[in-house]
Amino acid sequence: MGQPVILEAAYFDAVYELYRYAFHKEPRGGRDALAEFFKQTTVYGEFDDNNQLTSQVTRIPFNIRMGHQLIASNGIGNVASYPEYRGNGAASRLMMQSLQDAYDAGEVISYLAPFSYGFYGRFGYAQVFDHADIKWQAADFPQGKRTSGTVERLPFDRAIEPMKLVYREANVFEHGAVDREDWWWRYYFNTKTPDTKFAVYRDAEGVAQGYVMYEFHDMTFMIREWVTLNTEALQGLTRFIGSHAGSFDIFTYEAPTADITAVPVVQMMPEPKYEAVIKPYMQARIVNLVALFKVMQLDVPETVAFDVQDETAPWNGGRFELRGGTLERVVQTEAPQLSGSIHAFTQWLLGYKRLSSLLLTGDLQTNAPEDFEPVDALLAQQSPVLADYF
């Protein structure tokens, strides 16, 4: 049986070849993009007796935004094995090693894009993010209005700074979004996807108030990311996008939320002539439950207890009491108890599902639901939003 190791730079060629074989395609952006990704992340691998790389998993460090706080977290990606080694437990061992290392590094939450929700559910990951795929016939796309500001198309190197400023100020990204570092902006939106185009809206004083990233795919205008800070920027960028209607048949936008009412451009339409498909997006898991409660500061008036089942992160499993905003492990308790898996607690505490919903389905259980309503009331009312992909 192999043992997980962290791969150094000398193994990049083996990582590249395994990626190409396992996903039967070139990495987006080619070899150079994967090389940049490799340099910025931690890649775990296992080898056979002939020193051939058989399996790999990548852990991407980043912070996520929760209100005005940043939480150390990670994303898991590029999980791959050669077919003759699948089923030998290597991927599971690599996943477990990455989870242990994340905990040791002080990371609190982990995100993952699943090829199988059930497979990654074995490691404590639960569905937490949804997206809405929106499609318009070009003639039906809102036209927007003239404003006092300007829209400027820019190359990435000139667009990055105003986009960073707008992204940081946008309320839509306050709960769950990645706090993007410069390397991630460059890798994810330029090196990996060199065909992405950028337009920035500035007000009359020249201050950036919005931006749109977009691509052309045959006769489809694909909106990749669209962020505005005020009505003026929304109108100006809508007008800019709509001005392409004569050149394209279809407009599409993958909104980073399943709530159509939270997508401003949809609310601008005089007639709701669009198609929207809600799709499951990414999973998440709580890496360190005690640390999460410390960040969230859920100071409730009465002590309550949680009985958590977490088979892959034993430090999360067991009985805890929440007293004065602090979560502490206990052996016994007389406080009201709420029990369930780490999956259910992840969905509840990150705001993806309300307590009432999880109690109804039996994913969380208690004999005193009213005692946990004060905790539920303190949790974010906004569903978590994630625009990035790993």
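So, about the environment of P272. Within the secondary structure, P272 sits in the loop between α8 (264–267) and β14 (275–280). For the pair P272 and D140, spaced 132 residues apart in sequence, the C-alpha separation works out to 8.9 Å.

The next thing to look at is the pairing of strand β15 (residues 283–286). With burial as the criterion, each face of β15 is covered, one bearing Q283 and R285 and the other bearing A284 and I286. Pairing of strand β5 (residues 109–112) with β15 involves 4 bridges; the strand directions are antiparallel. Paired with I109 across the strands is I286, a residue of β15. Looking at chain direction, strand β6 (residues 126–127) and β15 are connected through 2 bridges and run antiparallel. Its bridge partner being in β15, A126 is matched across the sheet by A284.

Turning next to the sheet that holds strand β18 (residues 326–329). Strand order in this open sheet of 5 strands is β18-β17-β16-β19-β20, and the pairing throughout is mixed. Each end of this open sheet is capped by a strand with a single partner; those strands are β18 and β20 (364–365). Sheet analysis places strand β16 (residues 304–309) next to strand β17 (residues 318–323), joined by 5 bridges and oriented antiparallel. Note on β17: the bridge partner recorded for A305 is E321. Together, β16, β19 (337–341) and β20 form the strand contacts of helix α10 (residues 342–349), whose direction differs from that of β19 by roughly 110 degrees.

Before going further, it helps to examine the side chain of T196. Topologically, T196 is positioned in the loop between α6 (182–191) and β10 (197–202). Judged by relative accessible area, T196 falls into the buried class, the value being 6%. Here E215 takes part through its side chain, which lies 2.7 Å from a polar atom of the side chain of T196. In contact with T196, not counting residues within four places along its chain, are F189, M213, Y214, E215 and R224.

Next up on the list: the environment of Y120. Looking at the element boundaries, Y120 is found in helix α4 (residues 117–121). C-alpha of Y120 to C-alpha of R285: the two residues are 165 residues apart in sequence and 9.9 Å apart in space. Ignoring any residue separated from it by four or fewer positions in sequence, one finds Y120 in contact with V79, M95, L112, P114, F115, Y125 and Q283.

Attention now goes to the pattern of salt bridges. Evaluation of the coordinates by the stated rule reveals 22 salt bridges. With its nearest N and O atoms 3.0 Å apart, the salt bridge here joins R180 to D388. Remark: D388 occurs in the segment after α12 (373–378) and R180 occurs in the loop between β9 (175–179) and α6; sequence separation between them is 208 residues. Judged on exposure class, the residue R180 and its partner D388 are both buried. Between R323 and E328 there is a salt bridge, with the nearest N and O atoms lying 2.3 Å from each other. Owing to a relative accessible area of 34%, R323 belongs among the partly exposed residues under this scheme. Taken together, the shared-partner salt bridges connect E17, R20 and E26 into one network.

With that settled, the discussion passes to the sheet that holds strand β8 (residues 150–154). The sheet built from 7 strands is open, its strands ordered β8-β10-β11-β12-β13-β7-β14 with mixed pairing. Strand pairing shows two members of the sheet lacking a second neighbour, β8 and β14, which therefore form its edges. Averaged over all neighbouring strand pairs, the angle between strand axes comes to 25 degrees, with direction disregarded. The pairing of β10 with strand β11 (residues 208–217) spans 6 bridges and is classified as antiparallel. Across the sheet, the residue bridging to K197 is Y214, located in β11.

Of note, H24 is a non-glycine position whose phi angle comes to about 40 degrees, a positive value. Among the residues examined, H24 registers a relative accessible area of 70% and is labelled exposed. With phi around 65 degrees, N51 is a residue other than glycine that occupies positive phi space. Turning to its location among the elements, N51 is positioned in the loop between β2 (42–47) and β3 (53–66).

Time to look at the packing of aromatic side chains. Pairs of aromatic rings are described using the distance from one ring centre to the other and the angle between the two planes. Counted by the stated rule, this structure contains 42 aromatic pairs. The interplanar angle of 45 degrees and the centroid separation of 5.8 Å between the aromatic rings of Y214 and F216 together place this pair among those described as tilted. Since its relative accessible area comes to 2%, Y214 is described here as buried. We classify F216 as partly exposed; its relative accessible area is 36%. Over the ring of Y16 we find R31, and its NZ or CZ is 4.8 Å from the ring centre. Looking at K197, its charged tip hangs above the ring of F216, at a distance of 4.5 Å from the centre.

Here helix α7 (residues 231–242) is 12 residues long and its end C-alpha atoms lie 16 Å apart, about the 16 Å a rise of 1.5 Å per residue gives. Every buried residue of α7 is listed here: A233, L234, Q235, G236, L237, T238, F240, I241 and G242. Those residues of α7 that are buried are in contact with β8, β10, β11, β12 (220–228), β13 (250–255) and α8. N-capping of α7 is provided by N230, with a side-chain oxygen placed 3.4 Å from the backbone N of E232.

About the thresholds
Residues numbered from 1 in each chain as written. Predicted model: local features only at pLDDT ≥ 70, side-chain atom pairs only at ≥ 80, totals over all residues. Heavy atoms only, no water. Helix = DSSP H or I, 4+ residues; strand = E, 2+ residues; numbered from the N terminus. Buried < 20%, exposed > 50% of the residue type's maximum accessible area, 1.4 Å probe, protein only. Pairing = 2+ DSSP bridges. Contact = heavy atoms within 4.5 Å. Axes fitted to C-alpha atoms, helices over the stretch in contact; angles between N-to-C directions. Polar contact = N/O pair within 3.5 Å; in protein donor to acceptor, adjacent residues only side chain to side chain. Salt bridge = Lys/Arg side-chain N within 4 Å of Asp/Glu carboxyl O. Phe/Tyr/Trp six-rings, centres within 6.5 Å; stacked < 30°, edge-to-face > 60°. Lys NZ or Arg CZ within 6 Å of the ring centre and 35° of its normal. Expected span 1.5 Å × (residues − 1).

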